[in-house]
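Fold and geometry: a report
This is what each chain is made of:
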Amino acid sequence: YLADRMKVKVAPVFKSFWAEYLKRAEADTYFICEAGNEIKAMIQESKASGQRVNREIDIPAYTNYEHEADLVTNCKITLSIKVRWIDSRKFIIL
């Protein structure tokens, strides 16, 4: 979504994954990422510096999300983004 709005191509790299399981998920599980502004800032930082940018992103997981959300897992991923210039009009994020 962010890449489309910023008119870029994205190939995300997930460098690490960590999870703390709090209880057994007995229903459909929803992984919710609310780090949109942080990811957008990563894209802008990589574009400006030309360097790879790594950030740890929190992603909690819930059951019964639409009704009474019940936290079942805390996850963290390390997201890595690098902007690569193709020509003067286009770039992609790798």
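So, a few notes on the structure that sits alongside this text. (Residues numbered from 1 in each chain as written. Predicted model: local features only at pLDDT ≥ 70, side-chain atom pairs only at ≥ 80, totals over all residues. Heavy atoms only, no water.)

1. Focus: the environment of Q44
- Along the polypeptide, Q44 turns up in helix 2 (residues 36-49).
- Assessed through its relative accessible area of 41%, Q44 is described here as partly exposed.
- When the C-alpha positions of Q44 and K82 are compared, they lie 9.9 Å apart, and in sequence the two are 38 residues distant. (Helix = DSSP H or I, 4+ residues; strand = E, 2+ residues; numbered from the N terminus. Buried < 20%, exposed > 50% of the residue type's maximum accessible area, 1.4 Å probe, protein only.)

2. Quick look at unusual backbone geometry
- The residue N64 is not glycine, and still its phi comes out positive at about 50 degrees.
- Mapping N64 onto the fold places it in the loop between strand 4 (53-63) and strand 5 (70-81).
- Using a relative accessible area of 39% as the deciding quantity, one classes N64 as partly exposed.

3. Quick look at the sheet that holds strand 2 (residues 13-21)
- In spatial order, the strands read 2-5-4-3; together these four strands make up an open sheet with antiparallel pairing. Either end of the sheet is taken by a strand with one partner, and the two such strands are strand 2 and strand 3 (29-31). On average, each strand axis in the sheet is inclined to that of its neighbour by 20 degrees, with strand direction left out of account. (Pairing = 2+ DSSP bridges. Axes fitted to C-alpha atoms, helices over the stretch in contact; angles between N-to-C directions.)

4. Here we look at the nonpolar core
- Listed in full, the 11 residues of the largest apolar core are A35, I39, M42, I43, V53, I57, I59, C75, I77, L79 and I81.
- Secondary structure elements with two or more residues in this core: helix 2, strand 4 and strand 5.
- Take this core: its biggest share by element is four residues, from strand 5.
- Other than its neighbours up to four places away in sequence, I77 contacts F14, S16, F17, R55, E56, I57 and I59. (Core = buried A, V, L, I, M, F, W, Y, C linked by side-chain atoms within 4.5 Å. Contact = heavy atoms within 4.5 Å.)

5. Quick word on the pairing of strand 4
- Where strand 3 meets strand 4, three bridges bridge the pair, whose relative direction is antiparallel. Its bridge partner lying in strand 4, Y30 is registered against Y62.
- The pairing of strand 4 with strand 5 spans 11 bridges and is classified as antiparallel. In the sheet register, E56 faces strand 5, and the bridge partner there is T78.
- Between the end of strand 4 and the start of strand 5, which pair antiparallel, lie six residues, with N64 showing a positive phi angle near 50 degrees.

6. Some points on the packing of aromatic side chains
- Under the definition given, this model contains two aromatic pairs.
- Judged by centre distance (5.8 Å) and plane angle (45 degrees), the ring pair of Y62 and Y65 falls under tilted.
- Assessed through its relative accessible area of 35%, Y65 is described here as partly exposed.
- Taken together, the aromatic side chains of Y30, Y62 and Y65 make up a single cluster linked through ring pairs. (Phe/Tyr/Trp six-rings, centres within 6.5 Å; stacked < 30°, edge-to-face > 60°.)

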